[in-house]
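Here's the letter readout for the chains.
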Amino acid sequence: MNNTKIMIVDDHKENLLALEAALSSLNYEMVSMRSGEDALRYLLKEDIRDIAVILLDVQMPGINGFETAQLIKARENSREIPIIFITAISKSIENVLQGYGVGSVDYLFKPFHPELLKLKVEAFVKLHHYHTEIRTQGEALLKRTSELEEANNQLARSEAIARMIAETSIDTVLILNDSAHILKANEAAVKMLGYSPTELNGRCIGEVLPELVDPRDKVCLQTLIENAAAGKILEGQAVRKDGSRFYADYQLGEDMVQGRRFYVCSIRDVTERKLQLDLLEKKVLERTEELRQSNERLKKSQERFKKMFTSSPCLTAIYRLKDLQLVDVNESWKSHTGFSIADSYQKSDFMEIKKAEPTDGEPYQLGQVYRNLKITYKTKDKQLRDGLLSSEIIEIDDEKCLLQVIVDVTEKVRYEKEMTRFDQLTLVGEMAAGIAHEIRNPMTTIRGFLQMWRKEGGSMSPDFVDIMLGELDRANGIITEYLSLAKNKSSHRETKQINSMIESLFPLIQAEALMTGKDVKIECGACKEMLLDEMEIRQMILNLSINGLEAMDMGGVLKIRTFEEEGCNVLEIIDQGCGINEEYLRKLGTPFFTTKEKGTGLGLAVCYSIAARHNATIDVNSGAGGTVFSIRFALDA
Ligand code: ADP
Ligand code: MG
């Protein structure tokens, strides 16, 4: 102990030196003081913890040894320091010493024995060391105690926090022991599961989370350990006290406390979320079902298309749009055309399609979209047939294709042509009698004049010759017209003036009218020239005029009138006949509809088809005073 100090207090320097010398072998540090005041001052100011003993001279000027000792003992800090008085006075010392108590004060008489001094000092130093040790141990104890207290406080605090978290948490918290039984449940858990506060304690977690019960050993410890180690959030169902179940997410964790294993289980009621999820799932299912149905519908419609395609009486073909390669045709197409798909590779004479009525416009082009285009097509055995062609771009298996549908109208066209011819023939037949009569009249006139000429010896007034020539011209005109009607001329349109056609037909119509005591008037207004098939227009005018004449009684006047109105040339045939009743009006134009004993019922049907070919419409206005047929030819077409 090298920092142990010994204080020596003596007013005599030689005494001090003697004491120092006596104690020098002990190897302690000496603090030498020349007076009681100095010693007290030192003890006040310096660190005195290392002072093991004070050797105090009793007889000193100023404060003597006893007084100094009294003051040292009076002070808290220095009270414990042992004091050894060194004195020459022997008599009263025993009495004095009693005032200081035993153990901490001793004395030596002068002249002192150095060995005795050393022993006493050593004993006191040892005592001092004990004291010091005890003090430091005490201090350490105090420190440990306060540390312990702090640790305890911390523990209490963290426990309180944990409790607070557990008890205020909206999630349930269950603390489980190492055999999967509940040790403690927080308030949320109790509430969620419908138990009273302590009822959960001691129950197996499997009662709350049946999915944790291992089906093999009916114990949930194993699954608990596995899941706790994984730390995952698990989805499942939890069971309330009353047996009802609800969707729950739960998480398991494990911890060691003082060498014991615990599990923490937190459960969250996710019924709401689950319901929403279910709803979502239901919606997804519904959508899927919708999709499936629409797919089915699509499939059905594809099947329908397929059926329609194969069974359609129309010639149906599908071309790939990008290279216009024929990819599929139906039976009807094959039987009508005589071709097969393979034939389409030899492009040269494969099914030639042309517009039936070549206009100035573009020729027919495969790959373009058309609606009811009148066409002709050539079959494999070089027959020319008529058709109405429509085409459409469709998608088959994500490939753009051209669907081409041709309605074969060869029969219809032939029938129409036939009908036209038939009508012409009928008309011609009907008119034959009247015409014969008309021709007979001038012939009779001429015959009369010629008889007269012979009777009178070959002289004749030039007036009569003019009359005869006039009669001959009239007859010739009628015959020409008659013949032209009977001719089956093929249709062709030219830019013509409708008025001139009416004028040239006039003698024929008038002949017809006069024969039955009626009259005809024409009123030709300004009309623009237009594309007309002369034969057809003449026939239309004749048909309508004859109908008008037939509808009238003797004395009736038929009027044929033309004018231009709102971008149209209008032709009107106006009669003063019986009119057409409502029921018949609807049937007008139907082939073979007739109210006449020897009628054909074809006249109007032919008129309607002619009008259609000329882009014209026919309006009928009928009443008690007669009937007006108005044919309006659109001029811009
Ligand atoms: P048809 O003259 O051979 O009977 P049409 O087709 O020319 O055949 O006429 C059909 C029917 O329409 C006639 O039978 C007649 O009843 C009626 N009809 C046509 N035009 C007139 C008209 N101007 N006045 C009254 N009835 C008419
Ligand atoms: Mg008729």
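This text follows the structure it describes.
These numbers come from a predicted model, not from an experiment.

Novice: Which parts of the structure should I look at to understand unusual backbone geometry?
Specialist: When glycine is set aside, most residues are seen to have a negative phi, and most peptide bonds are trans. Positive phi, close to 45°, is recorded for N372, a residue that is not glycine. Locating N372 in the fold gives a position in the loop between β13 (353-355) and β14 (373-378). On the accessibility criterion, N372 (52% relative accessible area) is exposed. At D397, a residue that is not glycine, the phi angle is positive and equals roughly 50°. Counting through the fold element by element, D397 comes out in the loop between β15 (384-396) and β16 (399-408). For D397, a relative accessible area of 72% corresponds to the exposed category.

Novice: Got a minute to help me understand the sheet that holds strand β18 (residues 519-524) in this structure?
Specialist: Note on sheets: strands pair through backbone hydrogen bonds, and any given pair is parallel or antiparallel. Pairing within the open sheet is mixed, and its 5 strands lie in the order β18-β20-β21-β23-β22. The outermost strands of the open sheet, each flanked by one partner alone, are β18 and β22 (616-623). Averaged over all pairs of adjacent strands, the angle between their axes in this sheet comes to 15°, without regard to strand direction. Both strand β21 (residues 568-574) and strand β23 (residues 626-634) contribute to a ladder of 7 bridges, which runs antiparallel. Within the sheet, the bridge partner assigned to I573 lies in β23 and is F629. Sheet contacts for helix α14 (residues 534-551): β18, β20 (557-565), β21 and β23; angle to β23, the most-contacted strand, approximately 165°.

Novice: Looking at this model, I keep getting lost on the site of ligand 1. Mind explaining?
Specialist: Taken together, 19 residues surround ligand 1, and among them N547, D575, T594, T595 and K596 come closest. The side chain of N547 places a nitrogen or oxygen atom 2.8 Å from an oxygen atom of ligand 1. In the model, an oxygen atom of ligand 1 is placed 2.4 Å from a nitrogen or oxygen of the T595 side chain. Across the complex, the protein chains shield 93% of the 530 Å² of accessible surface that ligand 1 would expose by itself.

Novice: I'm lost on the pattern of salt bridges in this one. Help?
Specialist: Two side chains bearing opposite charge may form a pair once their charged atoms approach each other closely. What the rule picks out here adds up to 28 salt bridges. Residues E254 and R261 are paired through a salt bridge, measuring 3.0 Å at the closest nitrogen-oxygen approach. With a relative accessible area of 36%, E254 lands in the partly exposed category. Its relative accessible area of 33% is what places R261 among the partly exposed residues. A salt bridge links E296 to R292, with the shortest nitrogen-to-oxygen separation between them at 3.5 Å. A residue pair is termed a helical-turn pair when its members lie 3 or 4 positions apart in one helix, as E296 and R292 do in helix α9 (residues 271-311) at 4 residues. For E296, a relative accessible area of 36% puts it in the partly exposed group. Several salt bridges share partner residues, and in doing so they unite E494, K496, E534 and R538 into one network.

Novice: Even after reading the chapter, I still don't get helix α13 (residues 498-515), so can you show me in this structure?
Specialist: Residue pairs spaced three or four apart in an α-helix point in one direction, given the helix's 3.6 residues per turn. For α13, which comprises 18 residues, the first-to-last C-alpha distance of 26 Å matches the rise-based estimate of 26 Å (1.5 Å per residue) to within 8%. At F506, α13 is bent by approximately 45°, the largest bend along its length, and proline P507 sits one to four residues beyond. Burial in α13 covers these residues: I498, N499, M501, I502, L505, L508, I509, A511, E512 and A513. Looking at the residues trailing α13, positive phi occurs at G517, about 70°.

Novice: Just to check I follow, could you spell out the packing of aromatic side chains for this structure?
Specialist: What characterises a pair of aromatic rings is the spacing of the ring centres plus the angle enclosed by the ring planes. Using the criterion set out here, one finds 7 aromatic pairs in the structure. On the numbers, 4.8 Å between centres and 35° between planes, the contact of F449 with F464 is tilted. With F449 in helix α11 (residues 410-455) and F464 in helix α12 (residues 462-486), this residue pair connects regions lying 15 residues apart in the sequence. Here a set of aromatic residues connected by ring pairs shows up, and it is made of W333, F339 and F350. Sitting over the face of the ring of Y247, K274 holds its NZ or CZ atom 5.0 Å from the ring centroid.

Novice: Explanation requested: the environment of S266 in the structure shown.
Specialist: The topology assignment puts S266 in strand β10 (residues 260-269). C-alpha of S266 to C-alpha of L252: the two residues are 14 residues apart in sequence and 6.7 Å apart in space. In this view, S266 contacts T172, V173, D249, Y250 and Q251; residues no more than four positions away in its chain are not counted.

Novice: Would you explain the pairing of strand β1 (residues 5-9) in this entry?
Specialist: Looking down a regular strand, the side chains alternate between one sheet face and the other. Of all 5 residues making up β1, 5 are buried, and the element is well covered by its neighbours. Sheet topology places β1 next to strand β3 (residues 51-57); 5 bridges connect them, and they run parallel. In the sheet register, V9 faces β3, and the bridge partner there is L56. The pairing of β1 with strand β2 (residues 29-33) spans 5 bridges and is classified as parallel.

Novice: Hey, could you run me through the nonpolar core in this one?
Specialist: Grouped burial of nonpolar side chains is what soluble globular proteins tend to show. Core analysis: the biggest nonpolar cluster contains 37 residues, and I498, I509, I537, L571 and F633 have the highest contact counts within it. Of all elements in the fold, only α13, β19 (530-532), α14, β20, β21, α16 (603-613), β22 and β23 reach the threshold of two or more residues within this core. What L571 contacts, discounting residues up to four positions off in sequence, is I498, I502, I541, I560, R561, T562, F629, S630, I631 and F633. Counting 27 residues, the second largest nonpolar core, distinct from the first, contains Y195, A248, Y250 and C265.

Novice: Is there a simple way to explain a nonpolar patch on the surface in this structure?
Specialist: Nonpolar side chains collect at one region of the surface, where L127, Y130 and I134 lie side by side and expose about 320 Å² of accessible area between them. Within the secondary structure, I134 sits in helix α5 (residues 114-168). Among the residues examined, I134 registers a relative accessible area of 58% and is labelled exposed.

Novice: Would you explain the packing of helix α2 (residues 36-45) against helix α3 (residues 65-74) in this entry?
Specialist: The contact between α2 and α3 brings their axes to 9 Å, and the two run at 15°. Classified by the angle their axes make, α2 and α3 are roughly parallel. For the element pair α2 and α3, the recorded crossing hand is right-handed. Residues G36, L40 and L43 of α2 form the contact with α3, whose own contacting residues are T68, L71 and I72. Along the lines of polarity and charge, the residues of the contact of α2 with α3 split into 4 nonpolar, 2 polar and no charged.

Scoring rules and cut-offs
Residues numbered from 1 in each chain as written. Chains lettered and ligands numbered in written order. Predicted model: local features only at pLDDT ≥ 70, side-chain atom pairs only at ≥ 80, totals over all residues. Heavy atoms only, no water. Helix = DSSP H or I, 4+ residues; strand = E, 2+ residues; numbered from the N terminus. Buried < 20%, exposed > 50% of the residue type's maximum accessible area, 1.4 Å probe, protein only. Pairing = 2+ DSSP bridges. Axes fitted to C-alpha atoms, helices over the stretch in contact; angles between N-to-C directions. Contact = heavy atoms within 4.5 Å. Near = heavy atom within 4 Å. Polar contact = N/O pair within 3.5 Å; in protein donor to acceptor, adjacent residues only side chain to side chain. Areas by Shrake-Rupley, 256 points an atom, 1.4 Å probe, with all protein chains shown as cover. Salt bridge = Lys/Arg side-chain N within 4 Å of Asp/Glu carboxyl O. Expected span 1.5 Å × (residues − 1). Bend = angle between axes of the 7 residues up to and from the residue. Phe/Tyr/Trp six-rings, centres within 6.5 Å; stacked < 30°, edge-to-face > 60°. Lys NZ or Arg CZ within 6 Å of the ring centre and 35° of its normal. Core = buried A, V, L, I, M, F, W, Y, C linked by side-chain atoms within 4.5 Å. Patch = residues over 30% accessible without salt bridge, like charges linked within 9 Å, V, L, I, M, F, W, Y side chains within 5 Å. Parallel < 35°, antiparallel > 145°, perpendicular 65-115°, else oblique. Left-handed = near helix turned anticlockwise from the far one by under 90°. Nonpolar A, V, L, I, M, F, W, Y, C, P; charged D, E, K, R; others polar.

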